[in-house]
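The lines below spell out each chain.
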Amino acid sequence: DGAEMEFDEPIDPKTVDLGKRKLKKGWLHGQITIVREPSQPGAADDLLITTRDVELIGNRATSPHPVQFRMGRSHGGGRDLEILLAAAEGQSGTFGSGKVQSLSLKRDVVMHLVMDDEMSGRSRTPGAAPQPPEAPTKITCQGPFQYDFVRNSAAFNDRVDVVRLGDGPGDQLNCQVLTVFFE
């Protein structure tokens, strides 16, 4: 376990200032955890990704290994991770901004989508007792899956199956492409 990094200029360990260096490529060996805290208290947009052996090239981070993720209350997994980072202003092809543009899983995708009342279209009557949360919706596809952080959308491709089970009758949808837009 460890890391190997290659920068555009040599680094002097005594006076290192990585803010002035451009990462050309790198490798993060072993178990890797990526965390993004909620954008504000109570927001369900926190992100947790676990995988292993990540390669960094330009503005991309990739791993061919199994991946587990959680975003808010939704969670899932797949294989062949690719994270694309937005370039910092005035730069291209670098990890400058640290803002995630998209996350892709290329195969074997399973997602358990948990929707709150607003996302599911259920409305709450003011003063009424809260309703129990809806059962998660399970979405699987052979891949690729892409979550676009800029458009706040998730695209599932290739033999997409959507199943929602609950106390009442279940729902099922089968298609080749499914795009979910979040507000």
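Here the structure is shown first, and the text comes after it.
Computed from a predicted structure; not experimentally measured. Along each chain, the written sequence defines residue order, and numbers are assigned to residues from 1. It should be noted that, the model being predicted, local features are given only for residues of pLDDT at least 70 and side-chain atom pairs only at 80 or more, the latter also being counted only at that level, while totals for whole chains, interfaces and linings use all residues. Side-chain measures here rest on the full set of heavy atoms in the structure, leaving out hydrogens and waters.

Student: Any chance you could explain the state of the cysteines here in plain terms?
Tutor: A covalent bond bridging the sulfur atoms of two cysteines is what the word disulfide describes. Any two cysteine sulfur atoms lying within 2.5 Å of each other are counted as a disulfide. In total, this model carries 0 disulfides according to the counting rule given. Cys-175 provides the cysteine sulfur closest to Cys-141, a residue in no disulfide bond, and the two sulfurs are 9.5 Å apart. For Cys-175, a relative accessible area of 21% corresponds to the partly exposed category. Relative accessibility thresholds used throughout: buried, under 20% of the residue-type maximum; exposed, over 50%; partly exposed, between the two (1.4 Å probe, protein chains only).

Student: Please clarify how the side chain of Asp-46 should be interpreted in this entry.
Tutor: Here Asp-46 shows up in the loop between β2 (23-36) and β3 (47-57). Here a polar contact means two N or O atoms within 3.5 Å. Within protein one must be a hydrogen donor candidate and the other an acceptor candidate, and residues neighboring in sequence count only if both atoms are side-chain atoms. For Asp-46, the side chain forms a polar contact with the side chain of Arg-70, separated by 2.6 Å. Once you skip the residues sitting within four places of it in the chain, Asp-46 turns out to touch Arg-36, Glu-37, Pro-38, Arg-70, Met-71 and Gly-72. Numbering of helices and strands starts at the N terminus; helices are DSSP runs of H or I of at least 4 residues and strands are runs of E of at least 2. For this analysis, residues touch if any pair of their heavy atoms sits within 4.5 Å.

Student: Whenever I open this one, the pattern of salt bridges confuses me. Can you help?
Tutor: Put simply, a salt bridge is a Lys or Arg side-chain nitrogen that is within 4 Å of an Asp or Glu carboxyl oxygen. Counting across every chain of the model gives 10 salt bridges. Between Asp-53 and Arg-52 there is a salt bridge whose closest N-O contact spans 3.2 Å. Residue class for Asp-53 comes out partly exposed when judged on its relative accessible area of 26%. By sharing partners, the salt bridges in this structure join Glu-6, Lys-24 and Lys-25 into a single network.

Student: Even after reading the chapter, I still don't get the packing of aromatic side chains, so can you show me in this structure?
Tutor: For any pair of aromatic rings, the description consists of the separation of the ring centres together with the inter-plane angle of the planes. To pair, rings of Phe, Tyr and Trp, with the six-membered ring standing in for Trp, must have centres within 6.5 Å; the planes then decide the type, stacked if under 30 degrees apart, edge-to-face if over 60, and tilted in the middle. Overall, the coordinates contain 4 aromatic pairs when judged by the stated rule. Relative to Phe-145, the ring of Phe-69 has its centre 6.3 Å away and its plane inclined at 5°; by these criteria the two rings are stacked. Here Phe-69 is found in strand β4 (residues 60-71), whereas its partner Phe-145 is found in strand β8 (residues 145-148), with 76 residues between them in sequence. An angle of 65° between the planes, with centres 4.8 Å apart, marks the rings of Tyr-147 and Phe-149 as edge-to-face. Each member of the pair, Tyr-147 together with Phe-149, is buried. Among the aromatic residues, those joined into a cluster by ring pairs are Phe-69, Phe-145 and Phe-156.

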